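Tertiary structure, described
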Amino acid sequence: MTKTKPKSHAHNLLLLAAICLLLTLSGPYLFDTYLLNVLIKGCFFAMAAITVDLLWGYSGYLTFGQSAFFGLGAYAAALGFSHFGFSPLSALLSFAAALFGAALLALLVGWLSFYRGASPFFATVISLVLPIVAAQAMLSGGTVTGSSSGLSGFDSFDLSLEAWYVLAAGGLSLLALLAWWMMQSDGGRVLLALRDNEERCAYLGINTAYFRIGLLMVCGTLAALAGFGYGAFSGVVAPELCGFVFGTELIIWVALGGRASVWGAVIGALVINWVSSYLSSSLPFIWQLLLGLAFILVILWLPGGLLPLLLRPFQRFWQGTAPVVQLTPAVQTTEAHPASVQLSGVTKQFGSLKVLEGIDFAAKGGELVGLIGPNGAGKTTLMRCLADGAERSAGQVLLCGQSIGRRAPNDCVRLGLGRKFQNANVFPSLSVAESLQLSRLRHQRPRWWGRARQLDLPDYALAVLKQTGLDQQLTAIASDLSHGQQQALELCMVLALAPRIVLLDEPTAGLSKAERSQIGKVLAQLAHDYGLCCLLVEHDLDFVAEIATRIVVLHQGRIVMDGSFAEVASSELVKRIYAGMQQEGHADD
Ligand SMILES: Nc1ncnc2c1ncn2[C@@H]1O[C@H](COP(=O)(O)OP(=O)(O)OP(=O)(O)O)[C@@H](O)[C@H]1O
């Protein structure tokens, strides 16, 4: 059997561009007037659907609000042409108003939705409110917006139906090709990472709000551009174009066509609009019902949508290859501040429950401090207070001599902190190399027009990558790795940040004995050979005894002992604490 050679993304781009060009130029000869009309509107809708796919499919932000931006663009054309007459100047001003208005609105909505501490649920609720408010605004606009009847009968560009088709299909092709190509780039990987695991992104130093707001501004502006085209072509705009129902329809088209697939969104929008144009008049209610049913079935059983399923048998002809990434040592910069952690009076309260009380503690580079204590002692809470300025209720935390104040996790990373979580916290759909590249975003800005072929890593990250064998699995997808390999990958991602302080929350949880001793060696090396300051939360006291230079015992939110392992092991107090824990365990039994 002959093997099909994987194609490069550039090869696929050329092929797709050729198909798009063929369909754009041949359309006026292939389709009748009715179908051309349907397809032109479908092309503008498909452009808006692409923006929904970028926001929802790729970056994980479920939004019902793209209709508001589409409607804004359509109304900008209609208002300009109705009230000021059609002229090249009014067209230019309306166009500029659509784009700037959409960008400003997206900035406002993005800031409201993604400011620090807002949950994804909150962002989706705002996206629900947006089209409702936009439609109400158009309804309340009286003669200016035409109220419930909208605006119609205005002069517009004097183009033939064929020319409109070439313009709309050409615009859609260009947008789809651009979006598809950019989603294959390093920038596209950042969006997937946001969708997969936003928390991990923040702890890799990525300002997630910055990316989300930027993407919303781009997508809002593009949706307005599509709306402007629709308004100028159709000569009719109504409040429904800005409304919640249209916003939901956009989601349905994307879900049915293929979420996180630009071409799925395009095909979904075009096919559903085409079928709808024939069925919606003969079967108005049944058609909507069928569409709703198909949506539920696809969401339940086919989350990737229909197009990826249909294309699966041909995938080998199509599948692009990721570039081979070359690992190279990063240039080491001399640190202005030596590695150190200092806590004074750190307190954490949940309502009236005091989980940490007056924690004073200091550690420096070269130390590997084991933080132990019974369940519920406050170990993980202490880690959180070190890595996120908003966590503690009182007290001060200094990382490498600088106060973290109320800084967000991504800013704490800039002060030299790296945090490894208890469960392997990786990006399931990214490869090992892509995951590591994300850790280097502060040093290597993401390309939106291609993939980096070189990955600079600090020497200790390279060493750990080699010791764990992950350097031989750079193209492996994280979700395909074993639990131990995922733990190792997360550690490598943290080390790729070039941190001076590393927080490790139970790094051996769920690992085999061999994996445990391997990770133990790695951690000891990080502290002793590379001078990092490592804080390790661990329940496995034998493991801690082997590698820690110092032990801190936490009990009921206070540090009750700080010394060598021998001192801690012989302490009556510590024995009583652990004995009490065992008795509680028996009592529970
Ligand atoms: N969000 C929260 N709201 C209220 N209480 C909380 C919250 N998070 C943690 N706690 C409480 O804080 C205390 C300390 O929890 P923490 O997870 O820091 O303990 P731990 O020492 O890490 O425990 P373990 O070893 O079991 O992971 C526990 O009593 C826990 O119930």
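The protein has the name Branched-chain amino acid ABC transporter substrate-binding protein in an unreviewed UniProt entry, where Ventosimonas gracilis is given as its organism. We quote the UniProt Subcellular location (unreviewed entry) comment for the protein here in full: "Cell inner membrane".

Attention now moves to the site of the ligand. Around the ligand, a shell composed of Phe350, Leu353, Val355, Gly373, Asn375, Gly376, Ala377, Gly378, Lys379, Thr380 and Thr381 is seen. Looking at the shell around the ligand, the elements with two or more residues in it are strand S5 (353–364) and helix H16 (379–387). Within the shell around the ligand, the residues separate by chemical class into 4 nonpolar, 6 polar and 1 charged.

Below, the discussion takes up the pairing of strand S12 (residues 533–537). Burial runs high along S12: 5 of the 5 residues are buried. Bridge count between strand S6 (residues 368–372) and S12: 4 bridges; the pairing is parallel. Note that in S12 the partner of Leu368 across the bridge is Cys534. Bridge analysis of strand S11 (residues 501–505) against S12 gives 5 bridges, and the strand direction is parallel.

Attention now moves to the sheet that holds S5. Across the sheet, 4 strands lie side by side as S5-S4-S7-S8; this open sheet has antiparallel pairing. Two strands lie at the open edges of the sheet, namely S5 and strand S8 (402–403), each paired on one side alone. Pairing of strand S4 (residues 340–350) with strand S7 (residues 394–399), which is carried by 5 bridges, proceeds in the antiparallel orientation. Each bridged residue has a counterpart across the sheet, and for Gln342 the counterpart in S7 is Leu398. Contacting S4, S5 and S7, H16 runs over the sheet at an angle of about 65 degrees to S5.

Moving on, we get to the packing of helix H12 (residues 262–282) against helix H13 (residues 284–301). Packing of H12 against H13 brings their axes to within 7 Å, and their N-to-C directions diverge by 145 degrees. When H12 is examined against H13, the residues Ile272, Ser276, Leu279, Ser280 and Ser281 are found in contact with a partner set consisting of Pro284, Trp287 and Leu291. Broken down by class, the residue content of the contact of H12 with H13 amounts to 5 nonpolar, 3 polar and no charged.

In this section: the UniProt feature "transmembrane region" (unreviewed entry) in the protein. Listed under "transmembrane region" (unreviewed entry) in the UniProt record, and renumbered for this structure, are residues 38–56, 68–86, 92–114, 121–143, 163–183, 204–230 and 285–311. This span, residues 38–56, is 100% helix and 0% strand, and a straight line between its end C-alpha atoms measures 26 Å. In residues 204–230, helix accounts for 85% and strand for 0%; the two terminal C-alpha atoms are 41 Å from one another.

Here we come to H12. The terminal C-alpha atoms of H12 lie 31 Å apart, and with 21 residues this matches the ideal 30 Å at 1.5 Å per residue to within 8%. Along H12, the helix axis deviates most sharply at Ser276, where the bend reaches about 40 degrees. Among all positions in H12, only Val262, Trp263, Gly264, Ala265, Val266, Ile267, Gly268, Ala269, Leu270, Ile272 and Asn273 are buried.

Positive phi values are uncommon outside glycine, yet Ala260 reaches one of about 60 degrees. Among the secondary structure elements, Ala260 is positioned in the loop between helix H11 (244–257) and H12. In this model, Ala498 sits at a positive phi of 60 degrees, which is unusual for a non-glycine residue. Residue position: Ala498 is located in the loop between helix H20 (483–496) and S11. Judged by the 24 C-beta atoms lying within 10 Å of it, Ala498 falls in the buried class.

A few words on the sheet that holds S12. Taken in spatial order, the 6 strands make up an open sheet running S9-S11-S12-S6-S13-S14, and their pairing is mixed. Each edge of the sheet is formed by a strand with only one pairing partner; in this case those strands are strand S9 (417–420) and strand S14 (558–563). Ignoring strand direction, the axes of neighbouring strands in this sheet form an average angle of 20 degrees. Where H20 meets the sheet, its contacts fall on S9 and S11, and the angle it forms with S9 comes to roughly 175 degrees.

Before going further, it helps to spend a moment on the nonpolar core. In terms of nonpolar packing, the biggest core is built from 181 residues, with Ala46, Ala49, Ile50, Val266, Cys492, Cys534 and Leu536 touching the most fellow members. Counting residues per element, this core draws most heavily on helix H2 (residues 33–58), which supplies 16 residues. Of the domains in this structure, domain 1 (9–244) and domain 2 (340–588) are the two that each give at least three residues to this core. Beyond its immediate sequence surroundings of up to four residues, Leu536 is in contact with Leu368, Val369, Gly370, Leu371, Leu504, Leu523, Val544 and Ala548.

Moving on to the domain arrangement of the protein. Domain parsing of the protein yields domain 1 (9–244) and domain 2 (340–588). Distance between the C-alpha centres of domain 1 and domain 2: 43 Å. Of the residues lining the interface, 18 residues belong to domain 1; the matching set on domain 2 comes to 27 residues. Looking at the side of domain 1 that touches domain 2, the elements that each hand over two or more residues are helix H8 (186–196) and helix H9 (198–202). It is H8 that provides the largest number of residues to the side of domain 1 that touches domain 2, a total of 7 residues. A breakdown of the residues in the side of domain 1 that touches domain 2 according to their chemical character gives 8 nonpolar, 5 polar and 5 charged.

This part is about the environment of Ser127. Here Ser127 shows up in helix H5 (residues 120–139). Taking the C-beta count within 10 Å as the criterion, Ser127 has 24 such neighbours and is therefore assigned buried. Expressed as a C-alpha distance, the spacing of Ser127 and Leu289, which sit 162 residues apart in the sequence, is 24 Å.

Right, let's get into the pairing of S11. By the criterion of burial, S11 is predominantly enclosed, with 5 of the 5 residues buried. With burial as the criterion, each face of S11 is covered, one bearing Ile501, Leu503 and Asp505 and the other bearing Val502 and Leu504. Relative to S11, S9 runs parallel, the two sharing 4 bridges. Across the sheet, residue Arg419 finds its bridge partner in S11, namely Leu503. On the question of chirality, the crossover connecting S11 to the parallel S12 by way of helix H21 (residues 513–528) is right-handed.

In this section: the environment of Trp111. By the secondary structure assignment, Trp111 is in helix H4 (residues 88–114). For Trp111, a count of 13 C-beta atoms within 10 Å puts it in the partly exposed group. Along the chain, Trp111 and Ala209 lie 98 residues apart, while their C-alpha atoms are 8.0 Å from each other.

This next bit is on H2. End to end, H2 covers 35 Å across 26 residues, agreeing with the expected 38 Å (1.5 Å per residue, within 8%). The sharpest bend along H2 measures roughly 25 degrees and falls at Val52. The element H2 is largely enclosed, with a buried count of 20 among its 26 residues. Where H2 ends, the next residue or the one after it, Gly60, has phi of about 80 degrees, a positive value.

Basis of the calculations
Residues numbered from 1 in each chain as written. Predicted model: local features only at pLDDT ≥ 70, side-chain atom pairs only at ≥ 80, totals over all residues. UniProt positions renumbered as here; feature names shortened; annotations may be inferred. Near = placed C-beta within 6 Å. Helix = DSSP H or I, 4+ residues; strand = E, 2+ residues; numbered from the N terminus. Nonpolar A, V, L, I, M, F, W, Y, C, P; charged D, E, K, R; others polar. Buried ≥ 20, exposed ≤ 12 C-beta atoms within 10 Å, placed from the backbone. Pairing = 2+ DSSP bridges. Contact = placed C-beta atoms within 7 Å. Axes fitted to C-alpha atoms, helices over the stretch in contact; angles between N-to-C directions. Expected span 1.5 Å × (residues − 1). Bend = angle between axes of the 7 residues up to and from the residue. Core = buried A, V, L, I, M, F, W, Y, C linked by C-beta atoms within 7 Å. Domains from an automatic or database assignment. Right-handed = clockwise from strand over helix to strand, strands pointing away.

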